[in-house]
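Listed here are the chains, written in short residue letters.
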Amino acid sequence: MLNARKLFKTPRHWTCCNELIANRGNIHIWPDRRIRLVMSSSQTSGVSSAPRATPVRIKFWGVRGSIPTPGPTTLEYGGNTSCIEVRAGDQIVILDAGTGLRLLGRELLAEFGERPMNLTLLLTHTHWDHIQGLPFFLPVYQPNNQLRILGYEGARSGLQSVLSSQMESPFFPIGLNEVPANIKIEELKEWEFELGSVRARACYACHPGVCVGYRLDVAGRSIAFFPDNELQHDSHPPSELITKRMRRSAGCQNGEQKLAEFVRGVDVLVMDSQYDAEEYEQHIGWGHGCVDKVVALAIEAGARHLYLFHHDPNHDDAKITEMLTHARKLAATKSNTLRVDAAREGLTLELPV
Ligand SMILES: [Zn+2]
Ligand SMILES: [Zn+2]
């Protein structure tokens, strides 16, 4: 548990969006009004505050799009592909199984040891950069662990078949059906379901094939995750934007108004912002987002904190920082409530409940 009083004594803090956001290295924390009151009381009286509920914790394990990009030019934001861990109450929910999942698996083993794990993995879709960490996820090699994998069928051959195929010979030495953990793969039919105390909802994304985004709400806190999604530019009508594969994507037909409604008021919006405006012109119909449009959507939807995600494999740290600076300027001219950051590997968010 973090010591809130210590946090406020750290030199690196700033005021934003009428809230005090503490930045402690790789941890962002949003103290809410209740916590501020507790702090002020304990600071003046010296009486320790009452225990409070465990915050919702979000950790980025992989933030890159398309393919892992290790190397000296990606050290700041990281090179592993899509994977986020969400801890809410007794739930451990994993969003996507890109190569960042391998690192999460190591950390879970260090935390749990021999104790059984009960994990839920929500897949947005089955492109490589969202599933390639699964064969290297160490918890599936322990028999006392449970892993429930949920996703939507997107390849006509079934989710189980798609996930198994990447571990078949000659691609991998151990089959998915041979790993000792108890793995259940379920194709979702509903668009809303519960994971313990977490209310989970899904919505189609605009991306080739079947691809969704998720929204998780728990104890008044929320995160929406759209790692792969194209937002249309006003200058490009849908007919021009949509390629043959994209034409089959229900998310492209839904339109952005539906997406804005889906993420309305969310605390944390993690969204595909792969291209700057100039690059986007060369990648219309590829199924990925332009940072300008993503900022506009976040403002329209009243999101509190936007995290740019699915960083282009050709973007080094300097380019991502440049895009972040641009996004912050855009946000500042049009909103006094939206905060923008670029997702980076290892970053942890704590949302008090
Ligand atoms: Zn992707
Ligand atoms: Zn994709």
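Before reading on, note that the structure itself is shown above.
Summarised in this report is the structure supplied together with it.

1. Side note on the overall build of the protein chain
Then, in step 1: A tally of regular secondary structure across the protein chain gives 11 helices and 17 strands.
Then, in step 2: Buried positions account for 56% of the 353 residues belonging to the protein chain.
Then, in step 3: Across the protein chain, every contact between residues at least 6 apart in sequence was considered, and the portion connecting residues at least 24 apart equals 70%.
Then, in step 4: When the accessible area of the protein chain is evaluated, it comes to approximately 16000 Å², of which 51% is carbon and sulfur surface.

2. Here's the deal with the environment of Thr-333
Then, in step 1: When you line up the elements, Thr-333 lands in helix H11 (residues 317-334).
Then, in step 2: Since its relative accessible area comes to 64%, Thr-333 is described here as exposed.
Then, in step 3: A polar side-chain atom of Thr-333 sits 2.7 Å from the main-chain carbonyl oxygen of Leu-330.

3. Considerations on the packing of aromatic side chains
Then, in step 1: For the structure shown, the criterion picks out 7 aromatic pairs.
Then, in step 2: Taken together, a centroid distance of 5.5 Å and an interplanar angle of 75° make the contact between Phe-225 and Phe-309 edge-to-face. Highlighted residues: Phe-225 in strand S13 (residues 221-226) and Phe-309 in strand S15 (residues 305-309), separated in sequence by 84 residues. This pair shows no difference in class: Phe-225 is buried, exactly as Phe-309 is.
Then, in step 3: Look at Phe-226 and Phe-262: their rings are 5.8 Å apart centre to centre, the planes differ by 85°, and that puts the pair in the edge-to-face class. Of the two residues, Phe-226 sits in strand S13 while Phe-262 sits in helix H8 (residues 256-262), which places them 36 residues apart along the sequence. Both residues of the pair, Phe-226 and Phe-262, count as buried.
Then, in step 4: Among the aromatic side chains, those forming a connected cluster through ring pairs are Phe-60, Phe-225, Tyr-307 and Phe-309.

4. With respect to helix H10 (residues 291-301)
Then, in step 1: Considered for burial, the residues of H10 that qualify are Val-291, Lys-293, Val-294, Val-295, Leu-297, Ala-298 and Ala-301.
Then, in step 2: If you follow the buried residues of H10, they end up packed against H8, strand S14 (268-272), S15 and H11.
Then, in step 3: Gly-302 sits one or two residues past H10 and shows a positive phi near 70°.

5. Looking at the coordination of the zinc ion (ligand 1)
Then, in step 1: For the zinc ion (ligand 1), every protein donor is listed as Asp-129 (OD), His-130 (NE2), Asp-228 (OD) and His-310 (NE2), and the spread of their distances is 2.1 to 2.2 Å.
Then, in step 2: Because the angles between the 4 donor atoms bound to the zinc ion (ligand 1) fall within 92 to 166°, the donor set is best described as irregular.
Then, in step 3: Ordering the donors of the zinc ion (ligand 1) by residue number gives the pattern D-H-x97-D-x81-H.
Then, in step 4: Between the zinc ion (ligand 1) and the zinc ion (ligand 2) the interatomic distance amounts to 3.5 Å, and Asp-228 serves as a bridging ligand to the pair. Remark: His-310 occurs in the loop between S15 and H11 and Asp-228 occurs in the loop between S13 and helix H5 (238-241); sequence separation between them is 82 residues.

6. As for the coordination of the zinc ion (ligand 2)
Where a metal carries four tetrahedral donors, each ideal angle is 109.5 degrees; where it carries six octahedral donors, the ideal angles are 90 or 180 degrees.
Then, in step 1: Distances from the zinc ion (ligand 2) to its protein donors, His-125 (NE2), His-127 (ND1), His-207 (NE2) and Asp-228 (OD), fall at 2.1 to 2.4 Å.
Then, in step 2: Coordination geometry of the zinc ion (ligand 2): the 4 donor atoms subtend angles of 87 to 172° at the metal centre, consistent with an arrangement described as irregular.
Then, in step 3: Between the donor residues of the zinc ion (ligand 2), the gaps in sequence give the motif H-x1-H-x79-H-x20-D.

7. Things to note about empty space enclosed by the protein
Then, in step 1: Under the counting rule described, the total for this entry stands at 5 cavities of 30 Å³ or more.
Then, in step 2: Cys-206, Asn-229, Gly-251, Gly-255 and Leu-259 are, among the 13 residues lining the second largest cavity, the residues nearest its centre.
Then, in step 3: Listing elements by their share of the lining of the second largest cavity, those giving two or more residues are helix H7 (250-254) and H8.
Then, in step 4: Per-element tally for the lining of the second largest cavity: the top contributor is H7, with 3 residues.
Then, in step 5: Here the residues of the lining of the second largest cavity sort into 6 nonpolar, 5 polar and 2 charged.

8. Structural notes on the pairing of strand S6 (residues 91-95)
Then, in step 1: With 5 of 5 residues buried, S6 lies mostly within the body of the structure.
Then, in step 2: Residues Gln-91, Val-93 and Leu-95 of S6 are buried on one face, and the alternating residues Ile-92 and Ile-94, pointing to the opposite face, are buried as well.
Then, in step 3: Where strand S5 (residues 83-88) and S6 come together, 5 bridges link them in antiparallel fashion. By the bridge assignment for S6, Ile-84 is matched with Leu-95.

Scoring rules and cut-offs
Residues numbered from 1 in each chain as written. Chains lettered and ligands numbered in written order. Predicted model: local features only at pLDDT ≥ 70, side-chain atom pairs only at ≥ 80, totals over all residues. Heavy atoms only, no water. Helix = DSSP H or I, 4+ residues; strand = E, 2+ residues; numbered from the N terminus. Buried < 20%, exposed > 50% of the residue type's maximum accessible area, 1.4 Å probe, protein only. Contact = heavy atoms within 4.5 Å. Areas by Shrake-Rupley, 256 points an atom, 1.4 Å probe, with all protein chains shown as cover. Polar contact = N/O pair within 3.5 Å; in protein donor to acceptor, adjacent residues only side chain to side chain. Phe/Tyr/Trp six-rings, centres within 6.5 Å; stacked < 30°, edge-to-face > 60°. Donors = N, O, S within 2.8 Å, 3.2 Å for Na, K, Ca; no water. Tetrahedral: all angles 85-135°; square planar, octahedral: opposite > 155°, others 65-115°. 1 Å grid on protein atoms, 1.4 Å probe; cavity = no way out; pocket = protein on both sides within 12 Å on 5 of 7 lines; lining within 4 Å. Points joined across faces, edges and corners; volume = space filled by probe spheres on them. Nonpolar A, V, L, I, M, F, W, Y, C, P; charged D, E, K, R; others polar. Pairing = 2+ DSSP bridges.

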